[in-house]
Amino acid sequence: NMLTRIFPKMQRFASARAFASIWAGVPQGSPDPIFSIRDRYLADKSKDKVFLVVGAYRTEEGKPYVFPVVRKAEELLMKENLDHEYAPIIGSPKFLDLSKKLLFGEKSPVLDRTVTNQTISGLGGLRLGSEYLFKFLPGSNEKQFLISGPTWPIHHTILEDAGFKNLINYPYYNPKTKGLDFEGMKNGIKSAPKSSIVLLHASGHNPTGVDPSQKQWEEILEVVKEKEHIVFFDSAYQGYATGSLEKDAYPVRLFAENGVELVCAQSYSKNLGLYGERAGLIHLVCKDKEASSKLASNSDFLIRGIWGPPPIHGARIVTKILETPELKKQWKDELMTVSERIMEARKKLRAELEAIGTPGKWDHIENHIGMFSFTGLSEAQCKALEEKHVYMGPGGRMSVSGINSFNYKYVAQAIKDVVEKYPQERQINK
Amino acid sequence: SFTNHMNKLARLARPNLVRMPMAAFSTNVWEHITMPAPDPIFGMNARFKADKDPNKFSLVIGAYRTNEGKPYVFPIVKKVEEQMLKEGLDKEYLNMQGDDLFTAGSKKLIFGETEHADRIATHQALSGTGGLRVAATFFAQNLPKSTPIYISDPTWPNHFRVFTDAGMENQVKYPYYDTKTNSLNFSGMMDSLKKAPDKAIVLFHACAHNPTGIDPTPEQWDEVVKLVKEKQFLPFIDSAYQGYATGDLDKDAYSVRLFLKEGLQFVVAQSYAKNCGMYGERVGALHFVCSDKDTRDKVFAQVNLCIRGAYSNPPIHGARIMARILNDEKNFNQWKKELKEVADRILAMRSSLRDSLVEINTPGNWDHIVNQIGMFSYSGLSPEQCDILINKWHIYLMRSGRMSISGINTNNVKRLAEAIKDAVTTAPKIQLTTYTDRTIITDLLQKKKK
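This structure is a prediction, so every number in the text was calculated from the model and none was measured.

Student: Help me get a handle on the overall build of chain B, residues and values and all.
Tutor: Check the secondary structure of chain B and you find 16 helices and 13 strands. The burial tally for chain B puts 59% of its 450 residues in the buried class. Long-range pairs, those at least 24 residues apart, make up 78% of the contacts in chain B between residues at least 6 apart in sequence. For chain B, the exposed area adds up to about 18,300 Å²; of that, 52% sits on carbon and sulfur atoms.

Student: Explain the confidence of the model for chain A to me, and be specific about the residues and the numbers.
Tutor: Residues and elements named next belong to chain A. A residue-level look at chain A finds 93% of positions with pLDDT of 70 or above and a mean pLDDT of 92. Within the model, the stretch residues 9-18 combines pLDDT values under 50 with 15 contacts to residues more than four positions away or in other chains. Residue range residues 426-430 is modelled with pLDDT below 50. Its contacts to residues more than four positions away, or to other chains, number 15 contacts.

Student: So what's going on with the interface of chain B and chain A? Which residues, and what values?
Tutor: With 89 residues of chain B at the contact, the number on the chain A side is 97 residues. Between chain B and chain A, roughly 8,400 Å² of surface is buried when both sides are summed, and carbon and sulfur atoms account for 60% of that area. Residue Glu92(B) is joined to Arg58(A) by a salt bridge in which the shortest nitrogen-to-oxygen separation is 3.0 Å. Our count for the contact surface shared by chain B and chain A stands at 28 residue pairs in polar contact (both at pLDDT 80 or more). Of all the secondary structure elements, the ones that give two or more residues to the side of chain B that touches chain A are α3 (75-87), α5 (127-142), α6 (158-165) and α10 (293-308) of chain B. Considering only residue class, the side of chain B that touches chain A consists of 42 nonpolar, 25 polar and 22 charged.

Student: Which residues make up the sheet that holds strand β8 (residues 234-239) of chain B, and what are the values?
Tutor: Residue and element names in this part refer to chain B. In space, the seven strands of this open sheet follow the order β2-β10-β9-β8-β7-β3-β4, with mixed pairing throughout. The outermost strands of the open sheet, each flanked by one partner alone, are β2 (120-125) and β4 (171-175). Taken pair by pair, the neighbouring strands of this sheet meet at an average axis angle of 25°, ignoring direction. Bridging between strand β3 (residues 149-153) and strand β7 (residues 201-205) involves two bridges; their strand directions are parallel. When the bridges of β7 are listed, Tyr150 appears paired with Val202. Contacts from α6 reach β3, β4, β7 and β8 within the one sheet, and its direction differs from that of β4 by about 155°. Taken strand by strand, helix α7 (residues 186-195) contacts β3, β4 and β7, and its axis lies near 145° from that of β4.

Student: Any details on the packing of helix α15 (residues 325-355) of chain A against helix α18 (residues 408-421) of chain A? Residues and values, ideally.
Tutor: All names here are of chain A. Close contact between α15 and α18 brings their axes to 9 Å; oriented N to C, the two are set at 45°. Relative to α18, the element α15 is oriented oblique. Here α15 and α18 pass one another in a crossing that is right-handed. Each of Lys348, Leu349, Glu352 and Leu353 in α15 lies in contact with α18, whose residues at this interface are Tyr408, Lys409, Val411, Ala412 and Ile415. Partitioned by chemical class, the residues of the contact of α15 with α18 number six nonpolar, no polar and three charged.

Student: Run through the confidence of the model for chain B, naming residues and quoting values.
Tutor: All names here are of chain B. On average, chain B scores 91 in pLDDT, and the residues at 70 or more come to 89%. Low pLDDT (under 50) marks residues 13-22, which in the prediction has 22 contacts with non-local residues, meaning those over four places away or in another chain. Counting interchain partners and residues more than four positions distant, the pLDDT-below-50 stretch residues 431-435 has 11 contacts. Interface predicted TM-score (ipTM) for the complex: 0.89; the corresponding pTM is 0.90.

Student: Any chance you could break down the pairing of strand β10 (residues 284-289) of chain B for me, citing the residues and the numbers?
Tutor: All names here are of chain B. Among the six residues that make up β10, six are buried, leaving the element largely enclosed by the rest of the structure. Neither face of β10 is open: one carries Gly284, Leu286 and Phe288, the other Ala285, His287 and Val289, and all of them are buried. Of the pairings in the sheet, the one linking β2 to β10 comprises six bridges and is antiparallel in character. Note on β10: the bridge partner recorded for Ile120 is Val289. Sheet topology note: the strand β9 (residues 266-271)/β10 ladder contains six bridges and is antiparallel. Following the sheet pairing, Gln270 is matched in β10 by Ala285.

Student: Can you tell me about the nonpolar core, naming the residues and giving the values?
Tutor: Trp23(A), Trp30(B), Phe139(B), Phe236(B) and Phe288(B) are the most contacted members of the largest nonpolar core, which totals 71 residues. If we skip the residues at most four places from it in the chain, Trp23(A) touches Phe138(B), Phe139(B), Asn142(B), Leu143(B), Leu234(B), Val267(B), Phe288(B), Cys290(B), Thr295(B) and Val299(B). Residues Met44(B), Tyr72(B), Leu353(B) and Trp393(B) belong to the second largest nonpolar core, which totals 70 residues.

Student: So what's going on with the environment of Val299(B)? Residues and values would help.
Tutor: Here Val299(B) shows up in helix α10. C-alpha of Val299(B) to C-alpha of Ile360(B): the two residues are 61 residues apart in sequence and 57 Å apart in space. Look past the residues within four positions of Val299(B) in its chain and what remains in contact with it is Trp23(A), Phe138(B), Phe288(B) and Cys290(B).

Student: Tell me about the pairing of strand β3 (residues 145-149) of chain A, and please be specific about residues and values.
Tutor: Two faces, one strand: in a regular strand the side chains alternate between the faces of the sheet. All names here are of chain A. Extensive coverage of β3 is indicated by the burial of five of its five residues. Sheet topology note: the β3/strand β4 (residues 167-171) ladder contains five bridges and is parallel. Residue pairing across strands places Leu146 opposite Ile168, the latter belonging to β4. Of the crossover connections in this fold, the one passing from β3 over helix α7 (residues 153-161) to the parallel β4 is right-handed.

Student: I'd like a description of the pattern of salt bridges, backed by residues and values.
Tutor: Tallying each qualifying case throughout the model produces 44 salt bridges over all chains. Residue Lys108(B) pairs with Glu113(B) through a salt bridge whose shortest N-O separation is 3.7 Å. Exposure remark for Lys108(B): the relative accessible area of 44% places this residue in the partly exposed category. Of the charged contacts in the structure, one is a salt bridge between Lys337(B) and Glu341(B), with a shortest N-O distance of 4.0 Å. Here Glu341(B) and Lys337(B) lie together in helix α12 (residues 329-359), a separation of four residues that amounts to about one turn. One salt-bridge network, in which partners are shared between bridges, spans Arg127(A), Glu131(A), Lys135(A), Arg161(B) and Asp165(B).

Student: Give me the lowdown on α3(B), citing residues and values where you can.
Tutor: A turn of α-helix holds 3.6 residues, and therefore any two residues three or four places apart point the same way. Spanning 13 residues, α3(B) covers 19 Å between terminal C-alpha atoms, matching the ideal 18 Å at 1.5 Å per step. Among all positions of α3(B), only Ile76(B), Val77(B), Lys78(B), Val80(B), Glu81(B) and Met84(B) are buried. On the buried face of α3(B), the contacting elements are α4 (68-79) and α14 (312-323) of chain A together with α11 (317-326) and α12 of chain B. Just downstream of α3(B) lies Gly88(B), where phi reads positive at about 60°.

Rules and cut-offs
Residues numbered from 1 in each chain as written. Chains lettered and ligands numbered in written order. Predicted model: local features only at pLDDT ≥ 70, side-chain atom pairs only at ≥ 80, totals over all residues. Heavy atoms only, no water. Helix = DSSP H or I, 4+ residues; strand = E, 2+ residues; numbered from the N terminus. Buried < 20%, exposed > 50% of the residue type's maximum accessible area, 1.4 Å probe, protein only. Contact = heavy atoms within 4.5 Å. Areas by Shrake-Rupley, 256 points an atom, 1.4 Å probe, with all protein chains shown as cover. pLDDT = per-residue confidence, 0-100. Buried area = accessible area lost by both parts, 1.4 Å probe. Salt bridge = Lys/Arg side-chain N within 4 Å of Asp/Glu carboxyl O. Polar contact = N/O pair within 3.5 Å; in protein donor to acceptor, adjacent residues only side chain to side chain. Nonpolar A, V, L, I, M, F, W, Y, C, P; charged D, E, K, R; others polar. Pairing = 2+ DSSP bridges. Axes fitted to C-alpha atoms, helices over the stretch in contact; angles between N-to-C directions. Parallel < 35°, antiparallel > 145°, perpendicular 65-115°, else oblique. Left-handed = near helix turned anticlockwise from the far one by under 90°. Core = buried A, V, L, I, M, F, W, Y, C linked by side-chain atoms within 4.5 Å. Right-handed = clockwise from strand over helix to strand, strands pointing away. Expected span 1.5 Å × (residues − 1).

In structure tokens, the structure reads:
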């Protein structure tokens, strides 16, 4: 028509709108709370601002950290002039083998009856593990999947997307003690129907920072065996939590060696700082070699429907480090330094809070383990903290690596101020 | 006492571990699992690997090989990687949508310079497969459950897997390959699509159709666009070979850019596996071309959620390499040059094979080898003829007759021609149905069962 002759661009839009948008029914997605907090932090112009939200390690200077041993490994790899060909769908054999041994122990009796696949970091491992469970467990549609109350919110997303709609919380965090509600946890796991699936954090519980003791793990094992539950471990902090690779793998090894057919997602995001390289795995410990080989024969198909072969770069770095004794040793030392800085930050903050007379008890800050701590601060207190340019995660979750010798005094004072201003603690325990 | 003995050993080996009696499994969680049917492509590749014949070579896997039969790293990729190492970059998480420089560069690469960029939602994806899966997840969550997806017959077998696993159960095949002429069965394709319900999803290959190598002509694409508008189809374009097919990045984007120019709303899964050799780095992009910016924003946020529960954020390494190639003029020109050389070698091997076949008076018409385009050729060989190549000549290809042209080089092309001549004269092709690798495997299994 005449209008479109005069305004040719209108023609194009006319065709695009000739039929209504296909996606007219798409709802507005709700924003991720973490990103909202981060956006507010980024917009904050105060030079005193402190970000204690995202679970990524920061140095004393508040900067991202690449392990020197990782840089070294990358330089060595560059000299090898490797190609970029597809890895095997399940990952390179060396990467799988070294990772399996790191997690379960060099001489673990379960190595030869464990199915191991490389995944897109730990999250991909959680998703792929869930896919195995949903696709191959009879009655998976109705099965209860027990998760700690609270747990990392994305656990919900992953499990639901994999098809599990029956997610049940077991008690975990005790807001009064800021520690483990152990009896509640045991009872929660015990009262679930037989052969339910139980998600457990191997170490460095996210978001609380509260881990069972070794003795408590043994008791949980007994309950799990009694009810023949399937255990799904999320191992995102091996070595990062306590500084010891063995200690942080204790529950996984304990359960595996005591007859539990467990699934474990393993991540190198934190303990090797490989975050964006997405290096991780899923392990499925089976009753015997026959079972594991039948399960393994299904891996290819499962993986090829989700993302195809895995990304090679991060896995190559891990392999290089784990297979070279000097590099492995260097890694252990650097890992110890990293986890010690976290523990030091915890110590400093707790001591300062007590020194300046902050109302309440603060020993939990030091006792909690790993990346995070549930501070016990209420929603109102956290909101007030933001006005003081200190940003906490949802539920009063603090990412400890954001604390350093330059800001711990400021943070302590800010916490004292908001606790005094809003004395009623109404703990948000989502 | 056995238990005590084992416990003693356990204590020595792992002093920190609790002394529990050696436990047998009382259950077998995976008891009922069965072995699945073997994958035809990996199965054939495994047979090739196991073959000890010194003259063996493989035309199975769709990955580029040099004239020496070796994997190829684009020199520009190597150069960029070395530069990156010197920069001391961190390894922090990307957002769900990936590296912004990468996504901007990818949008420009496939769509060209366009004023419509702000109504296109772009996410970094785990190569082509990852993009397909995220899109399929989005479709399954946001379109009526009954919405069918129309897929060419044949297609890349993994398409079915990806869509099924994402929850898209309503899959319909449309005719594509004409086995008599080894070319596009366009009328069959259009007839089938005309009968499809309105608003169906239709999967197209942007260029270099896998596995046939047969693409619609520009005139045929025009007719497709007309039908898409008429039926309000949702085109879903798999672009895995931009630049790899003709050697020209713009030419190979023709169909995608046509759809954009014609004002269609559609989805594109884009891969850098072949055209930049990024295979194992898993680099790709997913684009939703929407009607307006507001819709684009909503779609963008929802696609984020599809990604969140699958893998949360994509790997950084390959995207960083591509970002530096796409956004730097010098790097981009070097890449174009190297890509053209790659594509030219493939084209040269097509000619060389056809000429060699004609030279030795091989029965039949072999023009289709030159007329088809991209990584693969549907040679037209029957399964029995393929078996002769495999078993007698130790030349491996898919029993559907699919050959990966990059496995051909100046050292083996003549032998390949001889083998093909031998095959067609020994076992003339009888059946006229379309062979796909899936149907052949099912046939085999059924024969085995009997």
